[in-house]
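These are the residues of each chain, in order.
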Amino acid sequence: KLTNLYKVQQQETNIRGKNEKIEIMGGGFGGGPQQMPHCAPTYAAVLSLCIIAAIGCEEKAAMNTNQNPYHEAGKLAMELLNEKRLQLYAFFLTLREHEDGERIAFRMHHDGEIDVRA
């Protein structure tokens, strides 16, 4: 149990540290520092933050927030998602490809390959 608490505290520190450094250039997340935004790491980052936020909120309902080791990490993840929401939406809109006025696909990154599954 103590090991799990240490891991959660370390995760909170990592989220807090990354939260301060995250700059979404062009609206999406890149695969690493100073890499161009791309749909794949953006999708993975958003889903990861959603999972962390959901665990923090779910556990909060089950116990007092003072006892919940996931509450702070969940709160930070939700704050980051709310802060970057419009930038992410604008990023995906810039990647849409149209043909004859109809949306046909999305590019994976600016000037990148087209993925019809998106």
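Residues numbered from 1 in each chain as written. Predicted model: local features only at pLDDT ≥ 70, side-chain atom pairs only at ≥ 80, totals over all residues. Heavy atoms only, no water.

(A) Spatial organisation of the overall build of the protein chain. A count of helices and strands for the protein chain gives three helices and three strands. Element order for the protein chain, N to C, with α for helix and β for strand: α-α-α-β-β-β. Counting over 118 residues, the protein chain shows a buried share of 27%. Sequence-distant contacts in the protein chain: of pairs separated by 6 or more residues, those separated by 24 or more amount to 47%. (Helix = DSSP H or I, 4+ residues; strand = E, 2+ residues; numbered from the N terminus. Buried < 20%, exposed > 50% of the residue type's maximum accessible area, 1.4 Å probe, protein only. Contact = heavy atoms within 4.5 Å.)

(B) Molecular detail of the pattern of salt bridges. Within the structure shown, the criterion is met by three salt bridges. Of the charged contacts in the structure, one is a salt bridge between K84 and E83, with a shortest N-O distance of 3.4 Å. Given the relative accessible area of 10%, K84 is considered buried. The salt bridge partner of E97 is R107, with a shortest N-O separation of 2.8 Å. (Salt bridge = Lys/Arg side-chain N within 4 Å of Asp/Glu carboxyl O.)

(C) Inspection of the confidence of the model for the protein chain at higher detail. Averaged over all residues, the pLDDT of the protein chain is 75; the fraction at 70 or higher stands at 70%. Per-residue pLDDT, averaged within each element of the protein chain, yields its smallest value for helix α1 (residues 2–21) (51) and its largest for helix α3 (residues 71–94) (88). Here residues 1–6 scores under 50 on pLDDT; set against residues more than four positions off or in separate chains, the count is one contact. (pLDDT = per-residue confidence, 0-100.)

(D) Geometry of the environment of F92. Of note, F92 is situated in helix α3. On the basis of relative accessible area, F92 is assigned to the partly exposed category, the value being 29%. Each C-alpha atom of the pair F92 and H38 lies 9.7 Å from the other, and the pair is 54 residues apart in sequence. In contact with F92, not counting residues within four places along its chain, are C39, T42 and F106.

(E) Just the pairing of strand β1 (residues 96–99), in detail. Sheet topology note: the β1/strand β2 (residues 102–107) ladder contains four bridges and is antiparallel. Bridge pairing in β2 places R96 opposite F106. The loop that links β1 with its antiparallel partner β2 comprises two residues; one of these, D100, has a positive phi angle of about 55 degrees. (Pairing = 2+ DSSP bridges.)

(F) Fine view of the sheet that holds strand β3 (residues 114–115). Strand order across the open sheet formed by three strands is β1-β2-β3, with antiparallel pairing between neighbours. Where the open sheet ends on each side, the last strands, each with one partner, are β1 and β3.

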